[in-house]
Amino acid sequence: MTNEDLFHGAIALITGANKGIGYEIARGLGLRKIVVLIGARDEARGQAAAAKLKSEGADARFVPLDVTNKETISRAARWIEDQFGHLDILVNNAGIGEWGSKPSDVDLAKVREVYETNLFGPMAVTQAMLPLLRRSQHGRIVNVSSTLGSLSLANDPNSPISQFLALGYNTSKTALNSMTVQFANELRDTPIKVNAVCPGYCATDINGHSGPRTAAQGAIAPVRYATLGDDGPTGGVFDENGPVAW
């Protein structure tokens, strides 16, 4: 059985899926005949994204979801349970950044805001969706991370990563990688696989569309690890070329 067969008709929730990499992840999964749930705060944008994917032949539905709002997370979990009874794939994609300040003078209120979306959001969504994922025969959790969270690359003076200072964003992704390992270890004896995936430097709203890669290119690795075979890895950090240095 191919991975495509394994996940045919599966149910996938993608947070922050109304635009950018999240939208392209939803699109990539939809092309594999996976039902894609467009998690987004903005209803108009979420509905528009779902409609566009439907026009391309995907089974896409909008789910109101703000990863910093516990009530919307709970409502989304109840809706998924009512509609489908389970969840096969969770992609924690929603994220924000803060740029332009040195660690010594960045506004810590902004850092906390970044952590609420980039770390505590995925924690809360994962906890809420885990009972539904446990009902899946092939549960997959993908946390969209970044090479900017790599401690080994950040500590290498010869790496361009060490030159990019963003206290909130970078450290939130390091923590997200650690969170990935925590959940993977807890779930290691279950069918659920949990991995962090780096899409690369893509042109999206988060960086003023300055990246050299497209959002579609950034979705390649998340889609791949969301549809891993049962013999695939868990508890790792990857990009489309393989393991990423921690």
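The model shown is predicted, which means the values in this text are computed figures rather than measured ones. For every chain, the first residue of the written sequence is number 1, and numbering continues from 1 onward in sequence order. Only residues with pLDDT of at least 70 get local features here, since the model is predicted, and only at 80 or more are side-chain atom pairs given and counted; chain-wide, interface and lining totals rely on the full set of residues. Each side-chain value is derived from all of the structure's non-hydrogen atoms; neither hydrogens nor water enter the calculation.

Digging into the environment of Phe183
Part 1 of the reasoning: In this text, helices come from DSSP runs of H or I with a minimum length of four residues, and strands from runs of E with a minimum of two, each type numbered from the N-terminal end. Inspection of the secondary structure puts Phe183 in helix α7 (residues 167-186).
Part 2 of the reasoning: The spacing of Phe183 and Gly235 is 52 residues in sequence and 7.9 Å in space, taken between C-alpha atoms.
Part 3 of the reasoning: Throughout, a contact is declared for two residues whenever any of their heavy atoms are within 4.5 Å. Discounting chain neighbours no more than four positions away, the residues touching Phe183 are Thr126, Gln127, Leu130 and Val194.

Here's the deal with the pairing of strand β2 (residues 35-40)
Part 1 of the reasoning: We call a residue buried when its accessible area falls under 20% of the maximum for its residue type, exposed when it is over 50%, and partly exposed in between, using a 1.4 Å probe and counting protein chains only. The element β2 is largely enclosed, with a buried count of six among its six residues.
Part 2 of the reasoning: A two-sided burial pattern is seen for β2, the buried positions comprising Val35, Leu37 and Gly39 on one face and Val36, Ile38 and Ala40 on the other.
Part 3 of the reasoning: Handedness of a crossover is defined as follows: with both strands directed away from the viewer, a clockwise route from the first strand across the helix to the second makes it right-handed. As for the winding sense of the linkage, the β-α-β connection from strand β1 (residues 11-15) through helix α2 (residues 20-30) to β2 is right-handed.
Part 4 of the reasoning: When DSSP finds two or more bridges between two strands, those strands count as paired. Here five bridges tie β2 to strand β3 (residues 60-64), and the two strands are oriented parallel to one another.

Observations concerning helix α4 (residues 70-83)
Part 1 of the reasoning: In this scheme, a helix's expected span is set at 1.5 Å multiplied by one less than its residue total. For α4, which comprises 14 residues, the first-to-last C-alpha distance of 20 Å matches the rise-based estimate of 20 Å (1.5 Å per residue) to within 8%.
Part 2 of the reasoning: Along α4, the residues classified as buried are Thr72, Ile73, Ala76, Ala77 and Ile80. Mapping the buried residues of α4 onto a view down its axis gives an arc of 140°, with all of them on the same face. Across from the buried face of α4, at angles greater than 90 degrees, the exposed residues are Lys70 and Asp82.
Part 3 of the reasoning: Check the buried side of α4 and you find it contacts β1, β2, β3 and α5 (108-133).
Part 4 of the reasoning: Where α4 begins, the capping side chain belongs to Asn69, and its oxygen is found 3.0 Å from the backbone nitrogen of Glu71.
Part 5 of the reasoning: Following α4 by one or two positions, Gly85 has its phi on the positive side, about 85°. The arc in question is formed by the directions pointing from the helix axis toward the C-beta atoms. In the analysis that follows, any N or O atom pair within 3.5 Å is treated as a polar contact, provided that within protein one partner can donate a hydrogen and the other can accept it, and provided that, for residues neighboring in sequence, both atoms belong to side chains.

Describing unusual backbone geometry
Part 1 of the reasoning: Although it is not a glycine, Lys33 adopts a positive phi angle of roughly 65°.
Part 2 of the reasoning: Within the fold, Lys33 resides in the loop between α2 and β2.

Worth remembering: the numbers are spatial, not functional.
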